[in-house]
Amino acid sequence: MESFSEVWKAVCDHCIENGSINTVGYNTWLSAMKPIKMENGVAIFSVRVSFQRTTIEQNYFSKLLPAFEEIVGFPVQIHIVSEDEQPVVSPEKAALTKNLKKSYDQAKYEYTFDTFIVGASNKFAHAAALAVASNPANAYNPLFIYGNSGLGKTHLLKAIHAEILSNKPDCVIIYTKGEEFTSQFISSLGNGTASTFQEKYRMADVLLIDDIQFISGKKETQVSFFHIFEKLYEDHKQIVLTSDRPPREIQALDERLRSRFEWGLVADIAPPDFEPRFAIVKRKADLLDIELSDEVINFIANKLKTNIRQLEGTVKRLKAYQTLENRKPSLQLAQTAIRDMLTD
């Protein structure tokens, strides 16, 4: 047998001959299975609707699996995809989608101080982060940056990481998120590696933790972090934390940690003014190689005032419309892109 179709026919014939599947079952269900390919021991089929797939899986897998093994000489798994769950994409559309993804990948910028757009709303936090990156543990320690989601806290944190590493390649920098720190701590308790977990973080020259508010309400996690904080601070190591709110507003936070978070400098990031929003939209458009008129940029910058990610996401949507649907980025299309963004 040279093709998967021939193998499938032999399997069906075998089931009919031994009586495990009658002709009615074959004509109603098995004939609806279109053989696609078999690789790595998996036979892949397609059916028109998901109801067919569900029925076949529930009633015929137990008969087809031993038949496959009998015909090909080894165990085979069966995987069925239904066309109503798999969007049909033309080769042209698939090529455009691939090019669009490539465009997105090429348009990703590094999180450095050079790519951070400074405005009145983030000027103080930017200056503090730059000072820390230029002189770790000697400027502000700890540095605590807070603000709503999508305003650039993570960008500043990663910019600090990049700047220190470029100046001090041997510096041990640990970057993590509050949620990941909590998860790692819980795992260390479960597998008996709590001391190793502590030692890992105590070896850092610079500790950067994004969204530290996730440790609130978790007493043992906070105790562990308190000891790490104390050790690093005593050893004159730099600590930078970000949160969606200032230390005094983080609920269920150990008072010892709250006071230590305020030992150094607390800096906030507010929603950007119009000029930075305009610059962010224009920069993202340039990176994505999409030409936006000042009218369109003005509209986007005026409508989306509180979240940088939404500004960039809207430009990406306009790029997708232009690439996949051949629609020029007009003001009307910008309205649609923003509406979709806010709905998402």
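Each chain has its residues counted from 1, running along the sequence as written. Where local features are concerned, this predicted model is filtered to residues with pLDDT of at least 70; where side-chain atom pairs are given and counted, the filter is 80 or more; whole-chain, interface and lining totals use all residues. With hydrogens and water stripped out, all remaining heavy atoms of the structure feed into the side-chain values.

**A short note on the sheet that holds strand β1 (residues 34-39)**
So, step 1. Pairing in this open sheet of 3 strands is mixed, and the strands run β1-β2-β3 from one edge to the other. Single-partner strands in this sheet number two, and they are β1 and β3 (77-82). The mean angle between the axes of side-by-side strands here comes to 25°, regardless of whether they run parallel or antiparallel.
So, step 2. At least two bridges found by DSSP between two strands are what make those strands a pair. The way it works is that DSSP assigns letters per residue, a run of H or I at least four long becomes a helix, a run of E at least two long becomes a strand, and they are numbered from the N terminus. Bridge analysis of strand β2 (residues 42-47) against β3 gives 6 bridges, and the strand direction is parallel. Considered in β3, the bridge of F45 is made with I80.
So, step 3. Relative to β1, helix α1 (residues 4-17) is tilted by about 110°, and along the sheet it contacts β1 and β2. To define axes, lines are fitted to C-alpha atoms, for helices over the stretch in contact only, and angles between the resulting N-to-C directions are given on a 0 to 180 degree scale. By definition, residues are in contact when any of their heavy atoms lie within 4.5 Å.

**What to know about the packing of aromatic side chains**
We describe a pair of aromatic rings using the distance from one ring centre to the other and the angle between the two ring planes.
So, step 1. Ring pairs are drawn from Phe, Tyr and Trp, using the six-membered ring of Trp, whenever the two centres fall within 6.5 Å, and their geometry is named by plane angle: stacked under 30 degrees, edge-to-face over 60, tilted for the rest. Throughout the structure, instances matching the rule amount to 18 aromatic pairs.
So, step 2. Taken together, the ring pairs in this structure connect F144, F181, F185, F197, Y201, F225, F229, Y233, F261 and W263 into an aromatic cluster.
So, step 3. Positioned above the aromatic ring of F226 is the side chain of R256, whose terminal nitrogen or guanidinium carbon lies 3.9 Å from the ring centre. For a Lys NZ or an Arg CZ to count as sitting over a ring, it must be within 6 Å of the ring centre and within 35 degrees of the ring normal.

**As for the environment of N307**
So, step 1. Secondary-structure assignment places N307 in the loop between α13 (294-303) and α14 (308-325).
So, step 2. To sort residues, take the accessible area from a 1.4 Å probe on protein chains only and compare it with the maximum for the residue type: under 20% means buried, over 50% means exposed, and anything in between is partly exposed. Residue N307 is classed as buried on the basis of its relative accessible area, which comes to 15%.
So, step 3. The spacing of N307 and N148 is 159 residues in sequence and 8.2 Å in space, taken between C-alpha atoms.
So, step 4. Filtering out sequence-adjacent residues up to four positions away, N307 remains in contact with S149, G150 and L151.
So, step 5. Here a polar contact is recorded for every N or O atom pair within 3.5 Å, except that within protein the pair must consist of a potential hydrogen donor and a potential acceptor, and residues adjacent in sequence are included only if both atoms are side-chain atoms. Here the side chain of N307 touches R309 through a polar contact of 2.8 Å, landing on its backbone nitrogen.

**Quick notes on the pattern of salt bridges**
So, step 1. Think of a salt bridge as a Lys or Arg side-chain nitrogen and an Asp or Glu carboxyl oxygen that are within 4 Å of each other. This model, assessed by the stated rule, comprises 12 salt bridges.
So, step 2. One salt bridge connects R283 with E312, and the closest N-O pair in it is separated by 3.5 Å. Here R283 is found in helix α12 (residues 274-287), whereas its partner E312 is found in helix α14, with 29 residues between them in sequence.
So, step 3. Under the relative-accessibility criterion, E312 is labelled buried at 13%.

**Here we look at the packing of α13 against α14**
So, step 1. One way to put it is that α13 packs onto α14 with a least axis distance of 10 Å and a crossing angle of 140°. The pairing of α13 with α14 is recorded here as oblique in orientation. Crossing of α13 against α14: the hand is right-handed. Along the contact surface, α13 presents V296, I300 and A301, while α14 presents L311, T314 and L318.
So, step 2. For the contact of α13 with α14, the class distribution of residues is 5 nonpolar, 1 polar and no charged. For this classification, under 35 degrees means roughly parallel, over 145 means roughly antiparallel, 65 to 115 means roughly perpendicular, and everything else is oblique. What makes a crossing left-handed is the near helix being turned counterclockwise from the far one by less than a right angle; a clockwise turn instead makes it right-handed. We call Asp, Glu, Lys and Arg charged. Ala, Val, Leu, Ile, Met, Phe, Trp, Tyr, Cys and Pro are nonpolar, and the rest, Gly among them, are polar.

**Quick look at the pairing of strand β4 (residues 143-146)**
So, step 1. Pairing of β4 with strand β7 (residues 238-243) involves 4 bridges; the strand directions are parallel. Across the sheet, I145 pairs through a bridge with T242, a residue of β7.
So, step 2. Summarising the sheet, β4 and strand β8 (residues 265-268) pair through 4 bridges and their orientation is parallel. Bridging from a neighbouring strand, Y146 pairs with D268 of β8.

**Some points on helix α8 (residues 178-190)**
So, step 1. Helix span, as expected, comes to 1.5 Å for every residue beyond the first. The end-to-end C-alpha distance of α8, which contains 13 residues, comes to 19 Å, matching closely the 18 Å that a straight helix rising 1.5 Å per residue would cover.
So, step 2. G192 occupies a position one or two residues after α8 and carries a positive phi of about 70°.

**Quick word on the side chain of D210**
So, step 1. Within the element layout of this structure, D210 appears in strand β6 (residues 206-210).
So, step 2. At 3.3 Å, the side chain of D210 forms a polar contact with the side chain of Y175.
So, step 3. There is a polar contact of 2.3 Å between the side chain of D210 and the side chain of T242.
So, step 4. Once you skip the residues sitting within four places of it in the chain, D210 turns out to touch T154, L157, Y175, T176, K177, G178 and T242.

**Observations regarding the sheet that holds strand β5 (residues 173-177)**
Note on sheets: strands pair through backbone hydrogen bonds, and any given pair is parallel or antiparallel.
So, step 1. Spatially, 5 strands are ordered β5-β6-β7-β4-β8 in an open sheet, and the strand pairing comes out parallel. Looking at the sheet topology across the chains shown, the edges are occupied by β5 and β8. Sheet twist, expressed as the average angle between the axes of neighbouring strands with direction ignored, equals 15°.

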